[in-house]
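# Secondary and tertiary structure notes
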Amino acid sequence: MPKSIDIPKETDIIEVRKKVNKLLSDARNSAKPNKCILCGKSQTSFCNSHSVAHFPLKNIADHGKVLHAPVLVGIDIIDMQKGVNSSGTFHFICNECDGTFFQDYENEQNLKAVPTDKMLAEIVVKNILLQLSKRGQEKELYRELQKKFNAYANLEDLEEIKELDVRDYAEELQFHKGIADKNVTGGYQILYWSVLPYKVPIAMQSAIALSKDLEGNEVNNVFDKSESVRMQFMHLAILPLEEESVILAFYHKRDKLYRKLRHQLNSSSKQKVLQFLNYIIFAYTENYFISKTIQLNIESNEKLAQLAHENAGYPNIGF
Ligand SMILES: [Zn+2]
């Protein structure tokens, strides 16, 4: 399989990996907030929160191992314990909130029934927390890179864009947290919900700013970075249970850009909808975990590798 980056033979990979890890952990440390964003209480240490609930990962693990997104860019098997602790996790909320806030949706029985608004709100809050934490880390990473290598000519512009993202995510977080806290109903629109009678080999959940719908029409203009524009997200969750799998796609009704997509999905066959959702995972997200049982199929699929190198349908190599 072609790899996106050719590493010169003489490179000391271990040394490079060490440096990269140091850079990332410095960025993570300086990005740590001083209070829990959910309850507002000051904290000195934060929970190692999992962006995908633990039980779906356990359900697809083979000898405790799952594959994560880099398998498509190069081979990378991660130990479930180590991997799940170090990727797709965020340190943004306290242990108490982590253990209580997501209880309704992190429950196999609840997931087998039509999801409640509270469950949907919890999923959104978790997805947004991961985005917020990523943005915070990226900002610090840029600063570290700038300090060490003077890497950017226009760091201020980059930071400004990240600030706008953070502003939008923070608003999004409070909005959906409010729905969960007050048990508001009627706000969400389900695009697709199904409990498949078999276990799919992938677990993921993510906020997605879709750029193109099923027919290729624009949804969000992902290049419009003006202040007045708010990205509108849909949310996708693929959660394998012990014998079944929950497939769930939804948005909030205030995000009207998804209306057309809803009609498109409603008038498509189940197979077509599942294909589209499957495409979205690889084209738009990186927070997915794959069962080792399909490692060979995945690695030999050039189209998948190509998709994984893109972001929202545009090339994204090296970022
Ligand atoms: Zn808290």
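Residues numbered from 1 in each chain as written. Predicted model: local features only at pLDDT ≥ 70, side-chain atom pairs only at ≥ 80, totals over all residues. Heavy atoms only, no water.

### What about the packing of aromatic side chains?
Scanning all chains against the criterion turns up five aromatic pairs. Taken together, a centroid distance of 5.6 Å and an interplanar angle of 35° make the contact between Tyr 251 and Tyr 258 tilted. As far as burial versus exposure is concerned, Tyr 251 and Tyr 258 are alike and both buried. Just above the ring of Phe 102 sits the side chain of Lys 126; from NZ or CZ to the centre is 4.5 Å. (Phe/Tyr/Trp six-rings, centres within 6.5 Å; stacked < 30°, edge-to-face > 60°. Buried < 20%, exposed > 50% of the residue type's maximum accessible area, 1.4 Å probe, protein only. Lys NZ or Arg CZ within 6 Å of the ring centre and 35° of its normal.)

### As for the nonpolar core
With 45 residues, the main nonpolar core has Leu 38, Ile 93, Phe 102 and Leu 129 as its most contacted residues. Going through the elements one at a time, helix 2 (54–60), helix 6 (117–149), helix 7 (155–182), strand 6 (202–208), strand 7 (234–240) and strand 8 (245–252) are the ones with two or more residues in this core. Per-element tally for this core: the top contributor is helix 6, with ten residues. Those residues within four positions of Ile 93 in sequence are excluded, and the remaining contacts are Cys 36, Ile 37, Leu 38, Phe 46, Cys 47, Ser 49, Asp 98, Phe 102 and Leu 129. If you look at the next biggest cluster of nonpolar residues, it comprises 32 residues, including Leu 236, Ile 247, Leu 265 and Ile 280. (Core = buried A, V, L, I, M, F, W, Y, C linked by side-chain atoms within 4.5 Å. Helix = DSSP H or I, 4+ residues; strand = E, 2+ residues; numbered from the N terminus. Contact = heavy atoms within 4.5 Å.)

### Brief notes about the coordination of the zinc ion
The protein atoms donating to the zinc ion are Cys 36 (SG), Cys 39 (SG), Cys 94 (SG) and Cys 97 (SG), with metal-donor distances spanning 2.3 Å. Sequence spacing among the residues donating to the zinc ion works out to C-x2-C-x54-C-x2-C. Taken as a pair, Cys 39 in the loop between helix 1 (13–30) and strand 1 (49–50) and Cys 97 in helix 4 (residues 95–100) lie far apart in primary sequence, 58 residues in all. When its relative accessible area of 32% is taken as the criterion, Cys 39 is described as partly exposed. (Donors = N, O, S within 2.8 Å, 3.2 Å for Na, K, Ca; no water.)

Just distances and angles here, no functional claims.
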